[in-house]
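Working through the structure, step by step
These are the residues of each chain, in order.
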Protein chains: 2
Amino acid sequence: MKDSELLEAYFKLGISVTVVLYGFDEGKLQVYIQKIRTNPYAGAWSLPGKLILPEEGLVEASEGIVKEVIGNKDIYLEQLNAFGKIYRHPLGRVVDVAFYGLINMPEDIKAQRTDKENKWVSVKEVPQLAYDHNDVLKLAGQRLKRRLVNRPIGFKLLPQEFTLTDLQQLYEEILERPLDKRNFRKKLTKLGILTAEGHEDTSNPGRKPRLFKFNQDKYNEYMEQGF
Amino acid sequence: MKDSELLEAYFKLGISVTVVLYGFDEGKLQVYIQKIRTNPYAGAWSLPGKLILPEEGLVEASEGIVKEVIGNKDIYLEQLNAFGKIYRHPLGRVVDVAFYGLINMPEDIKAQRTDKENKWVSVKEVPQLAYDHNDVLKLAGQRLKRRLVNRPIGFKLLPQEFTLTDLQQLYEEILERPLDKRNFRKKLTKLGILTAEGHEDTSNPGRKPRLFKFNQDKYNEYMEQGF
DNA sequence: TCAAAAGTGTTTCCCTTACACCCATGC
DNA sequence: GCATGGGTGTAAGGGAAACACTTTTGA
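Residues numbered from 1 in each chain as written. Chains lettered and ligands numbered in written order. Predicted model: local features only at pLDDT ≥ 70, side-chain atom pairs only at ≥ 80, totals over all residues. Heavy atoms only, no water.

Moving on, we come to the protein's contact with DNA strand C. Around DNA strand C, 20 residues are found, and the nearest of them are Thr165, Lys181, Lys186 and Arg210 of chain A together with Asn183 of chain B. Of all atoms in DNA strand C that approach within 4 Å of the protein, 37% are sugar or phosphate atoms. With respect to DNA strand C, the side chain of Arg182 of chain B contributes an N or O atom lying 3.2 Å from a base nitrogen. Take Lys186 of chain B: an N or O atom from its side chain is 3.2 Å from a base oxygen of DNA strand C. At the level of secondary structure, the elements contributing two or more residues to the surface near DNA strand C comprise helix H6 (181–191) of chain A together with helix H6 (181–191) of chain B. Classifying every residue of the surface near DNA strand C gives two nonpolar, five polar and 13 charged. (Near = heavy atom within 4 Å. Polar contact = N/O pair within 3.5 Å; in protein donor to acceptor, adjacent residues only side chain to side chain. Helix = DSSP H or I, 4+ residues; strand = E, 2+ residues; numbered from the N terminus. Nonpolar A, V, L, I, M, F, W, Y, C, P; charged D, E, K, R; others polar.)

To continue, consider the protein's contact with DNA strand D. Of all residues adjacent to DNA strand D, which total 19 residues, the nearest are Asn183 of chain A together with Lys181, Lys186, Gly206 and Arg210 of chain B. Taken together, the sugar and phosphate atoms account for 35% of what DNA strand D places within 4 Å of the protein. Note that a base nitrogen of DNA strand D is positioned 2.6 Å from one of the side-chain N or O atoms of Lys181 of chain B. Of all the secondary structure elements, the ones that give two or more residues to the surface near DNA strand D are H6 of chain A together with H6 of chain B. Among the elements that line the surface near DNA strand D, the one with the most residues is H6 of chain B, at four residues.

All names here are of chain B. Residue Glu26 is not a glycine yet carries a positive backbone phi of 55°. Along the chain, Glu26 falls in the loop between strand S1 (14–25) and strand S2 (28–35). A positive phi is found at Tyr131, a non-glycine position, where the angle reads about 55°. Here Tyr131 is to be found in the loop between strand S7 (118–122) and helix H4 (133–150). Residue Tyr131 is classed as partly exposed on the basis of its relative accessible area of 27%. (Buried < 20%, exposed > 50% of the residue type's maximum accessible area, 1.4 Å probe, protein only.)

For the rest of this paragraph, the subject is H4 of chain B. Residue and element names in this part refer to chain B. With 18 residues, H4 extends 26 Å from end C-alpha to end C-alpha; this agrees with the ideal 26 Å at 1.5 Å per step. Taken together, the buried positions of H4 are His133, Val136, Leu137, Ala140, Arg143, Leu144, Arg147 and Leu148. For H4, the angular spread of the buried residues around the axis is 135°, confining them to a single face. Structurally, H4 contributes buried residues whose contacts are with S1, S2, strand S3 (45–46), strand S5 (76–83), strand S6 (94–102) and helix H5 (164–175). (Expected span 1.5 Å × (residues − 1). Arc of directions from axis to C-beta. Contact = heavy atoms within 4.5 Å.)

Once that is clear, we can look at the sheet that holds strand S9 (residues 194–199) of chain A. All names here are of chain A. The strand order across the open sheet built from three strands is S8-S10-S9, with neighbouring strands paired in antiparallel fashion. Looking at strand neighbours, the two that pair on one side only are strand S8 (161–162) and S9, the edges of this open sheet. Where S9 and strand S10 (residues 210–214) come together, four bridges link them in antiparallel fashion. Its bridge partner being in S10, Thr195 is matched across the sheet by Lys213. (Pairing = 2+ DSSP bridges.)

Of the transformation superimposing chain A on chain B, the axial component is 0.0 Å and the angular component is 179°, with the fit at an RMSD of 0.1 Å. Both copies of the chain, as the preceding transformation shows, are related through a two-fold rotation axis. A shared binding surface is used by both copies, with 100% of the interface residues of chain A retained as interface residues in chain B. (Least-squares fit on C-alpha atoms with pLDDT ≥ 70 in both.)

In structure tokens form, the structure reads like this:
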């Protein structure tokens, strides 16, 4: 091959972006999947994703995917890894760059995005997915666990105001182990990133829990020091 | 655009692989850089890397780069991130997938790879690099520091047999802070991944240090449990 | 007054940190 | 015998983990 031919040969790859989108509902960590409409994987479940155009950025593309699903792109989004395995695509080689995102999932989003071609499933009940998406999901799960213990990102999965019990259940679900209530609360209050906001008005039995808000300013202070 | 045209438009990207190759010499953490020969960056320093062909895997490509530099591909190699920023390349858009690798650098490799177009430089003296390679290097440095305190990978930068003083100096250099000798040794011996191997035969003044080897089996045991 | 969930302190243990002297060797 | 680098133990402090009862509320 001549040099010019070789150079042209390089620019024949596709790059896709895939997003593992996490939500928390009914006490379960859920992930959004959708059915593929085009061959060769038509009918199979997959993580949302798309091929990017030469002028699209990776972050912009993944935010676009998020926006398509939940109508809002301002969420916690972090790059995982590039997946270079050569999987079949009708037109050629695709390298996939995976992200994971955390959203607060009000009921309407879930309802709106649940039909024959879209759904949220518990991470423990994810079916076989197309491409290497089960591997992507596995990596995302590991990363999420690690982040959760090192940085206070759990809030991103909850509404603005939440109770400490909510938060603890979320941690227990994701880390897959029970946590001690007193130790959990001690740790959080010591971090100082929670602000009390009155009491929840439930009509549940039992004492009314206090509501808390996540204090973004304090969080930023910590982040600057690198935790 | 018709669907088929759109699909073709996707497959016009290039993917490159870049390797941050670390070595340890003269008490300094060093990184390998080389001069670019082709335009538009001809003459500028950069990290080693290359565009991949549609049939090349990411890992294979990065191992190939390592092999070109040191003649051996079996080293510690870990993916960093994909860098999607659109930087100019004569033929189009390139997304870069960066790796970092740790090698034991005997003198001959350094000598062999030091001339007008190739060199090892202390990470503290790295010049301006082409593309976004200074960003890549920054991320690699952060990752290396984090890994070093969480997993025993420091050995990968030393010869098979080494003294505890060597190892401590390596940690101090990379973490950029002094460590306590007794605490350092305590921690390592407690981990149990070091095997004593007799004494070094130096002609230095002072007591002869013991030599240690890294115990890969013990390390694997730890890794399975996730540390 | 009972059931259900919220809230609250203390002790133990282990890991981390700080700290100073003796030992072996070559010259 | 002295200069040089190698090697070792102990005490204090701080964070993580274990553990049980009281408070508030609605029915």
